[in-house]
Amino acid sequence: MTLLVVLALVASWRLARLLAIDEIFRPAREKIVGRFGEDGQIAYLITCPWCISVWSSIPVAGLVVWFPDNRAVWAALLVLSGSGIAGIMQSVEDRLDR
């Protein structure tokens, strides 16, 4: 269970970053900001990793609580967590190479 919780925590962090910062979701963020305005609360909520982490963690927590033994849940958590850890390691490597 401890491993599942750790995977869920890292996956939640990665999902929040994916939605709020990463380039792949930039078009969706821009569309939402265009609709609701740059200075609105919606624009702030979808571009703030801390803010969006609250909402993106809800489905992750739900999956862990309701389906802790489901292989698909584990696979999704492993993919997101692996991506997050790989990104952290790449950032460390980039800083060491400077």
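Keep in mind the model is a prediction, meaning the values are calculated, not measured.

1. Things to note about the overall build of the protein
Thought 1: Looking only at helices and strands, one finds 5 helices and 0 strands in the protein.
Thought 2: Along the protein, helices and strands appear, N-terminal first, in the series α-α-α-α-α.
Thought 3: Overall, the C-alpha framework of the protein stretches about 40 × 40 × 20 Å when taken along its three principal axes.
Thought 4: Counting all 98 residues of the protein, 29% fall into the buried class.
Thought 5: Of the contacts formed within the protein by residues at least 6 apart in sequence, a portion of 61% connects residues at least 24 apart.
Thought 6: Of the roughly 7,200 Å² that the protein leaves accessible, carbon and sulfur atoms contribute 67%.
Thought 7: A distance of 4 Å separates the average location of the 9 positive side-chain charges in the protein from that of its 9 negative side-chain charges.

2. Regarding the environment of Arg98
Thought 1: Note on placement: Arg98 falls in the segment after α5 (71-97).
Thought 2: Taking C-alpha positions, Arg98 is 25 Å from Arg14, a pair spaced 84 residues apart along the chain.

3. Some words on the packing of helix α1 (residues 2-20) against helix α4 (residues 49-66)
Thought 1: The geometry of α1 relative to α4 is characterised by a closest axis approach of 8 Å and an angle of 140 degrees between their N-to-C directions. Relative to α4, α1 is oriented oblique. The two elements α1 and α4 meet at a crossing, and its hand is right-handed. Along the contact surface, α1 presents Leu4, Ala8, Ser12, Leu15, Ala16, Leu19 and Ala20, while α4 presents Pro49, Ile52, Ser53, Ser56, Ser57, Val60 and Val64.
Thought 2: Taken together, the residues that form the contact of α1 with α4 break down as 10 nonpolar, 4 polar and no charged.

4. Comments concerning α4
Thought 1: Here α4 is 18 residues long and its end C-alpha atoms lie 25 Å apart, about the 26 Å a rise of 1.5 Å per residue gives.
Thought 2: The principal kink in α4, of about 30 degrees, is found at Ser56, preceding the proline Pro59 by one to four residues.
Thought 3: Listed as buried for α4 are Cys51, Ile52, Ser56, Val60, Gly62 and Val64.
Thought 4: In this structure, the buried residues of α4 make contact with α1, α3 (41-47) and α5.

5. Examining the environment of Asp69
Thought 1: In this structure, Asp69 sits in the loop between α4 and α5.
Thought 2: Overall, Asp69 belongs to the exposed group, its relative accessible area being 74%.
Thought 3: Residues Asp69 and Leu4, spaced 65 residues apart in sequence, show a C-alpha to C-alpha distance of 9.5 Å.

6. Re the packing of α1 against α5
Thought 1: One way to put it is that α1 packs onto α5 with a least axis distance of 8 Å and a crossing angle of 65 degrees. The way α1 lies across α5 gives a crossing that is left-handed. Contact residues: α1 offers Leu3, Leu4, Leu7, Ala8, Val10, Ala11, Trp13, Arg14 and Leu15, while α5 offers Trp74, Leu77, Leu78, Leu80, Ser81, Ser83, Gly84, Ile85 and Ile88.
Thought 2: For the contact of α1 with α5, the per-class residue count stands at 14 nonpolar, 3 polar and 1 charged.

What counts, and at which threshold
- Residues numbered from 1 in each chain as written.
- Predicted model: local features only at pLDDT ≥ 70, side-chain atom pairs only at ≥ 80, totals over all residues.
- Heavy atoms only, no water.
- Helix = DSSP H or I, 4+ residues; strand = E, 2+ residues; numbered from the N terminus.
- Buried < 20%, exposed > 50% of the residue type's maximum accessible area, 1.4 Å probe, protein only.
- Contact = heavy atoms within 4.5 Å.
- Areas by Shrake-Rupley, 256 points an atom, 1.4 Å probe, with all protein chains shown as cover.
- Lys, Arg positive; Asp, Glu negative; His and termini not counted.
- Charge placed at Lys NZ, Arg CZ, Asp CG, Glu CD.
- Axes fitted to C-alpha atoms, helices over the stretch in contact; angles between N-to-C directions.
- Parallel < 35°, antiparallel > 145°, perpendicular 65-115°, else oblique.
- Left-handed = near helix turned anticlockwise from the far one by under 90°.
- Nonpolar A, V, L, I, M, F, W, Y, C, P; charged D, E, K, R; others polar.
- Expected span 1.5 Å × (residues − 1).
- Bend = angle between axes of the 7 residues up to and from the residue.

Nothing here speaks to function; it is all geometry.
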